[in-house]
Amino acid sequence: MSEINSFTIAQQQLDEAAAILGLDPATHALLREPMRELTVNIPVRMDDGSMHVFKGYRVQYNDARGPGKGGVRWHPDETLDTIRALAAWMTWKTAVVDIPLGGSTGGVICNPKELSPTEQERLARGYIRAIWRILGENADVPAPDVYTNPQIMAWMMDEYSVIRGYNAPGIVTGKPIAVGGSAGRNEATALGAMYVTREAAKMLELDLQGATAAIQGYGSVGRYTHKMAQEVLGLKVVAVSDSQGGIYNPAGLDYNAVLRHKRETGSVTDMPNTTALSNEALLEMDVTVLFPAALEGVITERNAANIKAKICAELANGPTTPEADRILEADRILHERGVYVLPDFLCNAGGVTVSYFEQVQNAYGFYWSLELVQQRLDAKMTAAFHAVHRMVKAKRGVHNRLAAYLVAVERVAEAAKLRGWI
Ligand code: NAD
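Values in this document were obtained by computation on a predicted structure and should not be read as measured data.

## Description of the domain arrangement of the protein chain
1) Next: Domain assignment breaks the protein chain into domain 1 (35-168) and domain 2 (188-347).
2) Next: The straight-line distance from the C-alpha centre of domain 1 to that of domain 2 is 28 Å.
3) Next: Opposite the eleven residues of domain 1 that make contact, domain 2 presents seven residues.
4) Next: Of the roughly 850 Å² buried at the junction of domain 1 and domain 2 (both faces included), carbon and sulfur atoms supply 58%.

## Looking at the nonpolar core
1) Next: The biggest cluster of nonpolar side chains holds 91 residues, and the ones touching the most others in it are W92, L235, V240, F291 and L342.
2) Next: By residue number, the principal contributor to this core is helix α3 (residues 80-96), which donates eleven residues.
3) Next: A domain split of this core shows at least three residues from each of domain 1 (35-168) and domain 2 (188-347).
4) Next: Contact partners of V240, with chain neighbours within four places excluded, come to I215, Y218, H226, G246, I247, L253, V258, V268 and L282.

## A closer look at the pairing of strand β5 (residues 140-144)
1) Next: Of all five residues making up β5, five are buried, and the element is well covered by its neighbours.
2) Next: Of the two faces of β5, the one holding D140, P142 and P144 and the one holding V141 and A143 are both buried throughout.
3) Next: Note that strand β3 (residues 68-75) and β5 share five bridges and pair parallel. Note on β5: the bridge partner recorded for K69 is V141.

## Quick notes on the packing of aromatic side chains
1) Next: In the structure shown here, the tally under the stated rule is five aromatic pairs.
2) Next: The interplanar angle of 70° and the centroid separation of 6.3 Å between the aromatic rings of Y61 and W92 together place this pair among those described as edge-to-face. Here the residue Y61 occupies a position in strand β2 (residues 51-62), and W92 occupies one in helix α3, the gap between them amounting to 31 residues.
3) Next: On the basis of relative accessibility, which here comes to 3%, the residue Y61 falls in the buried class.
4) Next: With a centroid separation of 5.9 Å and an interplanar angle of 45°, the aromatic rings of Y356 and F357 are classed as tilted. Residues Y356 and F357 agree in their burial class; the two are buried.

## Focus: the packing of helix α1 (residues 6-21) against helix α14 (residues 400-418)
1) Next: The N-to-C vectors of α1 and α14 enclose an angle of 75°; their axes lie 9 Å apart at closest approach. Considered as vectors, α1 and α14 are oriented roughly perpendicular to each other. Contact with α1, carried on its side by A10, Q13, L14, E16, A17, I20 and L21, involves R401, L402, Y405, L406, V409 and E410 of α14 and no other residues of that element.
2) Next: Its residues assigned to classes, the contact of α1 with α14 comprises nine nonpolar, one polar and three charged.

## Some remarks on helix α8 (residues 255-265)
1) Next: Along α8, the positions that sit buried rather than exposed are Y255, V258, L259 and H261. End-on, the buried residues of α8 take up no more than an arc of 160°, which puts them together on one face. Away from the buried face of α8 by more than 90 degrees, exposed residues R263 and E264 are located.
2) Next: Contact partners of the buried residues in α8: α7 (220-231), β7 (236-242) and β8 (245-248).
3) Next: The N-terminus of α8 is capped by D254, whose side-chain oxygen sits 3.3 Å from the backbone nitrogen of N256.

## Some words on the side chain of S267
1) Next: Here S267 lies in the loop between α8 and β9 (275-277).
2) Next: In this structure the side chain of S267 is engaged in a polar contact, spanning 2.8 Å, whose partner is the side chain of T269.
3) Next: The contacts of S267, once residues within four sequence positions are left out, are D242, Q244, H261 and K262.

## Quick notes on the pattern of salt bridges
1) Next: This structure, assessed with the given rule, holds 22 salt bridges.
2) Next: Taking the shortest distance from any N to any O, the salt bridge between D47 and R122 comes out at 2.6 Å. Remark: R122 occurs in helix α4 (residues 117-131) and D47 occurs in the loop between β1 (36-45) and β2; sequence separation between them is 75 residues.
3) Next: In this structure, E296 and R73 form a salt bridge, with 3.4 Å as the shortest nitrogen-oxygen distance. Of this pair, E296 sits in the loop between β10 (289-292) and β11 (311-313) while R73 sits in strand β3; the two residues are 223 residues apart in sequence, bridging distant segments of the chain.
4) Next: Residue E296 is classed as buried on the basis of its relative accessible area, which comes to 6%.
5) Next: Taken together, the shared-partner salt bridges connect E121, R125, R129, D158 and E159 into one network.

Conventions adopted
Residues numbered from 1 in each chain as written. Predicted model: local features only at pLDDT ≥ 70, side-chain atom pairs only at ≥ 80, totals over all residues. Heavy atoms only, no water. Domains from an automatic or database assignment. Contact = heavy atoms within 4.5 Å. Buried area = accessible area lost by both parts, 1.4 Å probe. Core = buried A, V, L, I, M, F, W, Y, C linked by side-chain atoms within 4.5 Å. Buried < 20%, exposed > 50% of the residue type's maximum accessible area, 1.4 Å probe, protein only. Helix = DSSP H or I, 4+ residues; strand = E, 2+ residues; numbered from the N terminus. Pairing = 2+ DSSP bridges. Phe/Tyr/Trp six-rings, centres within 6.5 Å; stacked < 30°, edge-to-face > 60°. Axes fitted to C-alpha atoms, helices over the stretch in contact; angles between N-to-C directions. Parallel < 35°, antiparallel > 145°, perpendicular 65-115°, else oblique. Nonpolar A, V, L, I, M, F, W, Y, C, P; charged D, E, K, R; others polar. Arc of directions from axis to C-beta. Polar contact = N/O pair within 3.5 Å; in protein donor to acceptor, adjacent residues only side chain to side chain. Salt bridge = Lys/Arg side-chain N within 4 Å of Asp/Glu carboxyl O.

Structure, rendered in C-alpha cells:
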C-alpha cells in the first residue's frame, strides 16, 4: 500500500514494548508473528460473463484473549504484510480497550470502484466460501474496513448463514441494523476518537469549543469524524480531504454541505467557497486537532517536524511511521508541549468496541438503544485512555504509543501464559 512495510513497523513497535516489559523470548516470539494465515484465490463471474480470480487473505494474529476480530479491506494495493500489520494492531486494540477478543484482519486485492454492485456481491460471497472454515462466532468475526461497507457485511453474513444452514448474525459485524447491526456502529470509530480526544484535551487544559480541526480522508471514518467533531466536541473543521485532494475554509466546513457535495460529485474537491489544498498541506496545518483518517504511512520523517496540531488523533491505522514518532517525541521533550499523539489502536478502537457490543447483542438476540451503546462506548474509551495515561506516568514519560503497547502487550501475554501457551 506504500513503500513502508507496515508489518515491519508493527514488529518494531512490539520489540520496543517487549524490551521494556522484559518479555521472555518465547512470549516475544509468539507475539511477533501471526498465529495462522490463509491465502485464497476467489473466482468471480463478472457482469460481462468473463471469470476473474481475486486474491484474498485472512490473518488470525492472536486469540489468547478471545475470538479473532478484525476488518476486511478491499484495495488494489493490498498486501499480505499490510494485513498482518492490521491483524497485529487489532490484537493490541482489543486488549487496550479491554474487550474479550483477539485480533485478525482480512483483505482482497481488488479495486471496488471498478466493480458493479452485483460483482461486489459475488466477490463478498466468494470470499466467505473461501475462508468460512476458519471463521465462527467463537473463532473469528470479520468487520468492515477500507472500501467495505455494511451492505458487503450483510452479503457475507448471508453467505455464511447459507453454508451453515442457520441464521448466523454474529459471524460478521458492521451489518445494517435490519439484519442484526448495532445502533451507533457506523459512527462508532469516530465517536470513540472524540471521547479520547476530550480526555486528552482536559489533561492538556485545551478548550476544544470553537477550536480548529483538519481531517484527512472522507470515507466511513473521515466523514463521521467531521460530524462528531462538530457535534460532540464543538470543533470547527476547517479542512478535509479524500484521495482526490483537499479543501479549506477558515470559517469552517459544514458537514452536511460537504457530504452533499461528495455524494453529488464523488469527491470533496472543488466545493464552492473553499480553497483547494493538497493532502500533504492538510497534515501540516496549524489546527488544534489533526485527524488522519485515510491510510497508513502519511506522517513520516519528511513531514513530522512540520506537524503543528496540538493533538494528533490517529483514526487511520498506522498513519505515523516510527521515524516520525521519534521526531514527534523529541519535539515533545525539547519543546514543552509538542504534538500530543493519540495512537491509532487506542484512538480508533471505538469501531471494534461497538462491533463487540454488536456480537453481544447478536448472541442474546436482544438489542440496545443508541444511548446505551454510546454510554458504554464512552466508558470503555475513557477507561482505555486513562489506563494508557497511567502507564505513561508509571514508566516515567514513555510516549503514548509505547504506553498503549505496554498496556496491551502485557494483557495479551498474561492471557497466553494463563492458557499455558508459553
Ligand atoms: P474508507 O474506504 O471508507 O475511506 C477511505 C478514505 O480515504 C476515502 O475517503 C478515500 O478517498 C481516502 N483516501 C484514500 N487514499 C487517500 C490518500 N492517498 N490521501 C487522502 N485520502 C485518501 O475507509 P475507512 O473505513 O474510513 O478507513 C479509514 C482508515 O481508518 C483506515 O486506515 C482504516 O484501517 C481505519 N479504521 C477504520 C475503521 C472502521 O470502522 N471503518 C475502524 C478503525 C480504523
